[in-house]
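Results of the structural survey
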Amino acid sequence: MELFANLALGFSVALSPETLALAVAGCILGTMIGALPGLGPSNGVAILIPLAFSFGLDATHSLVLMTAVYYGAMYGGRISSILLNIPGDEPAMMTTLDGYPMAKAGRAGDALVLSGVASFVGAFLATIGLMLLAPILARVAFMFGPAEYFALYLLAFCTLGGLGSNNQAKAAISVCLGLGIAMIGVDKSTGLTRFTGGSLHLFDGVDFLVAIVGLFAVAEVFVFIESHGRDSAIGVKLEKIRIPVKDIMNSGWTMLRGTGIGFVAGLLPGAGASLGSFLAYMLEKSTARDKSTFGTGEPRGIAAPEAGNNAAAGGALVPMLTLGVPGSGTTAVLLALLMTLNITPGPLLFTERPEVVWGLIASLLIANVVLLILNVPLVRVFSRILQVPAAVLLPGVTMISFVGIYSLSGSYFDLLLMIGFGVLGYVLRKLSIPAVPVILGILLGGHMEVSLRRAMVLSDGDWTYLFASPISIGLWIAAVAGFILPLFLRPYLRTPARVTPDDDADRDRG
Amino acid sequence: MKHILKLSFAAAFSVGLSAQSFAAECIAPANPGGGWDFTCRTITKIMTDIGAYDGSIQVTNMAGGGGGLAFTHVVNERNSDADLIVAASTATATRLAQNAYSGMTADQVRFLGAIGADPGVIVVAKDSPYQNLNDLLDAVIADPSKHAFAGGSAAGGYDHLKVLMALKRKGFTDIKKVKYIGVDGDADAITQTVGGFTSAMTGDISGVVGFIKSGDVRVLASFTEERIPGFENIPTAREQGVDVIAVNWRGLYTPKNASDASYKQWTEALRKVGASSEWKEAMVANGLAPFNMVGSDFQSYVDGVIGEVRAMSVELGVMK
């Protein structure tokens, strides 16, 4: 079997003591970077690139270190989502919805272990998928033109309605805010600037990291100041940490579904991990018999997005390696690293440089196991964060976020913008409008608009172009169904939860 | 336990920040991953590796305004900083020409030199009916609504202009009818073209090397004076009677008021990098063609390009 020979080659590269040490170091560093708001996988990897050079690492070793940091950061993002209600990075946003309520209910340890396992399942299966199918899957990107991308993003927005669990209008207001913010910057279709007020700082639009840190971390500080900490989970007494076997067993299918949807989202350039975790969450919620538990600390609401975003991380490596098209911000940085190391990704990379590709795959598998091992005992360490007095912890986290953002852009303007978003986040909180859709609007709205504009250029303004391919028709049907079906199905779905083994029978509904 | 956490956080940050205490700095005016980032990282690495520069050079990413943020930062705040170099390319000149840096002009900095260029190319999918540049251009002229180009720059950017220049040489003037979609980089543009969503891709050769090797695409023409070393089977546009030269040079600029001594020191260091075998390897690996112009020659070359792009942008209607 060629596959095993390749894998053996990979492991022979990856299992040297030096490589293993790098993988472990990368995992630890990555987890910390992921956990810190304002430092996500992409800037984590970017910051560490000079380190790889100054150590004089060769191509394989640099890649091992960087991908370990990448996967580590994807794992780590959930930690602050769950403990502080501040997403460590943008794909971990969905994890705040159920993770934080669970922590507030005193089950922080359970939430962390469960999400750690879900991350492992997602990332591990996605790596296997990458290994078995990468050259075939690379072709998927060729099937997605502007019309298909537009339908895909539309699907995401159509299922948004279910996000505001108690008030859909508020979710709609929130997403419109996000879409409005996404309009700012240079319009790529015409080269003209929009809503920048002539300021160069806004030409490239609003960075979603700035928005996330502002809306979550800075807003949290404001709320904290106002309430003198009464409303904060911080300081909650921790129960003894155990492995929540029941929750893990119950969300087995959830993790698999999340992995599947996340992996596909990762394959598509531009869509990436955030879309993966979002769609995984929405799928889980829309197929659940009892939706009302979502948003209140539902374990499946943690398992789905975590499996989804980690699977997307693996999926995003496929177009990066085989097409040279980065599927996410982080893979864009990894791509740059590859180029600097004289490795040109492309359809022939798997045959031309097998030692690099298979070494990378083997070290991803190893990094994953290391991360799982690290993350379960480390839960104790991380959940101790809750015992740090909030008056110390919150300003500390915010300060680190400021440093993180500034180290990336080197621009004081972003810091001011971040405070502006903090005020916005505070106001939204007072009006009980959810902040997550704002971020989704910023993240996906720009892509959706650009896809539509490109489709219109290609078709000379003919709208039927949007429904011209089987893929886009399928996505449109799913989008319309995702929007309309919940309205009709609501009476049925309100029936009390029944735990039945055939719980995935109606999986395809939304 | 708290202390361990704090310590490890501190360690993580000192790793990220320690590099900033070094003396010299190369600003890549974009996020990591693009051409400017490559310029800074590769040139500074070789510069220190071969000893052309004594000490370390820290690479800083300053994304914003398509390079405009870094440009205004240098002009307004670092105007006499001798230890600063900034990555630049044809896109820098194009945007300066089109007044896209909020009124900043090229004479507010000092261009140092370029030591490589990414040749512009027109690429079609392997199953495309077009075998040469004239086939494609004639088809576009016959019915512009049936053909679209994908490129990595925004509308009005250099990738777009290249196509329009070529069409103009063929005597086609109704350039507003030419369909162009700006996507996220060369690789994305080629994906759209191989997928059959656009007729051709306009960009730089470095972004399509992998696809050329795998046989998924056919390069119809390169916009270079000579055929590109390593890709001798690709005809130039000029050979096919379309006289357009369009390369994306990779170079650097320095602040205007840095001392002449430091300017000289940087030009020497850049020359040494340009002559090094390490740089030649990096050029081959990244599909760059030789393009060596350092010092005052380069300054006047850039001024020439800016004049040309400005005249053309006005004529083509992509600039008021």
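Computed from a predicted structure; not experimentally measured. (Residues numbered from 1 in each chain as written. Chains lettered and ligands numbered in written order. Predicted model: local features only at pLDDT ≥ 70, side-chain atom pairs only at ≥ 80, totals over all residues.)

Some points on the overall build of chain A
To keep things clear, this is the line we draw: Going along the chain from the N terminus, every DSSP run of H or I of four or more residues is numbered as a helix, and every run of E of two or more is numbered as a strand. Exposure is read from a count of other C-beta atoms within 10 Å of each residue's own; the residue is exposed at 12 or fewer, buried at 20 or more and partly exposed in between. C-beta atoms are placed from the backbone.
Regarding its fold elements, chain A presents 19 helices and two strands. Here chain A, with 510 residues, has 60% of them falling under the buried criterion.

Regarding the pairing of strand β2 (residues 57–61) of chain B
Residues and elements named next belong to chain B. To be explicit about the condition: We treat two strands as partners when DSSP finds at least two bridges between them.
Of the two faces of β2, the one lined by I57, V59 and N61 is fully buried and the one lined by Q58 and T60 carries no buried residue. Two elements, strand β1 (residues 24–28) and β2, share five bridges in a ladder whose sense is parallel. Across the sheet, residue I27 finds its bridge partner in β2, namely T60.

Some words on the packing of helix α5 (residues 95–137) of chain A against helix α10 (residues 252–267) of chain A
Residues and elements named next belong to chain A. Under the convention used in this document: Only C-alpha atoms enter the line fits that serve as axes; for helices the fit covers just the stretch in contact. Angles between N-to-C directions range over 0 to 180 degrees. Here the angle decides the label: under 35 degrees means roughly parallel, over 145 means roughly antiparallel, 65 to 115 means roughly perpendicular, and every other value means oblique. Rotating anticlockwise by less than a right angle from the far helix to the near helix defines a left-handed crossing, while the corresponding clockwise rotation defines a right-handed one. Contact between residues is assigned whenever the C-beta positions, reconstructed from backbone atoms, fall within 7 Å. Throughout, the ten residues Ala, Val, Leu, Ile, Met, Phe, Trp, Tyr, Cys and Pro are labelled nonpolar, Asp, Glu, Lys and Arg are labelled charged, and all others, Gly among them, are labelled polar.
Between α5 and α10, whose axes approach to 9 Å, the crossing angle comes to 45°. One finds that α5 runs oblique with respect to α10. The crossing of α5 and α10 is right-handed. Side by side, α5 and α10 meet where A118, V121, G122, L125, A126, G129 and L137 of the first sit next to M255, G258, T259, G262, F263 and L267 of the second. Its residues assigned to classes, the contact of α5 with α10 shows eight nonpolar, five polar and no charged.

Some words on the environment of A:I373
Its place among the elements puts A:I373 in helix α15 (residues 354–383). With 224 residues separating them along the chain, A:I373 and A:Y149 place their C-alpha atoms 38 Å apart.

Focus: the pairing of strand β5 (residues 148–151) of chain B
Residue and element names in this part refer to chain B. Where we set the bar: A clockwise course of the path from the first strand over the helix to the second, judged with the strands pointing away from the viewer, identifies a crossover as right-handed.
Because side chains alternate across β5, one face comprises the buried residues A148 and A150, and the other comprises F149 and G151, equally buried. As judged from the four bridges shared by β5 and strand β6 (residues 179–182), these two strands associate in the parallel manner. For F149, the partnering residue across the bridge sits in β6 and is Y180. Handedness of the β5-helix α6 (residues 158–169)-β6 crossover: right-handed.

A word on α6(B)
All names here are of chain B. What counts is decided by this rule: Multiplying 1.5 Å by the residue count of a helix minus one yields the expected span of that helix.
Between its terminal C-alpha atoms α6 stretches 16 Å, which fits the 16 Å expected from 12 residues at 1.5 Å a residue. When you tally the buried positions in α6, you get 10 out of 12 residues, the bulk of the element. Buried residues of α6: Y158, D159, H160, L161, K162, V163, L164, M165, A166 and L167, and no others. Looking at the residues trailing α6, positive phi occurs at G171, about 90°.

Overview of the domain arrangement of chain B
Residue and element names in this part refer to chain B. The line we're drawing: Either an automatic procedure or a domain database provided the assignment from which the domain bounds are taken.
One can read the domain layout of chain B as domain 1 (13–117 + 249–316) and domain 2 (119–240). Inter-centroid distance (C-alpha atoms) of domain 1 to domain 2 is 27 Å. Contact residues are listed per partner, giving 12 residues for domain 1 and 16 residues for domain 2. At three residues, helix α4 (residues 90–97) tops the list of elements feeding residues into the side of domain 1 that touches domain 2. Of the residues assigned to the side of domain 1 that touches domain 2, the class counts are seven nonpolar, five polar and no charged.

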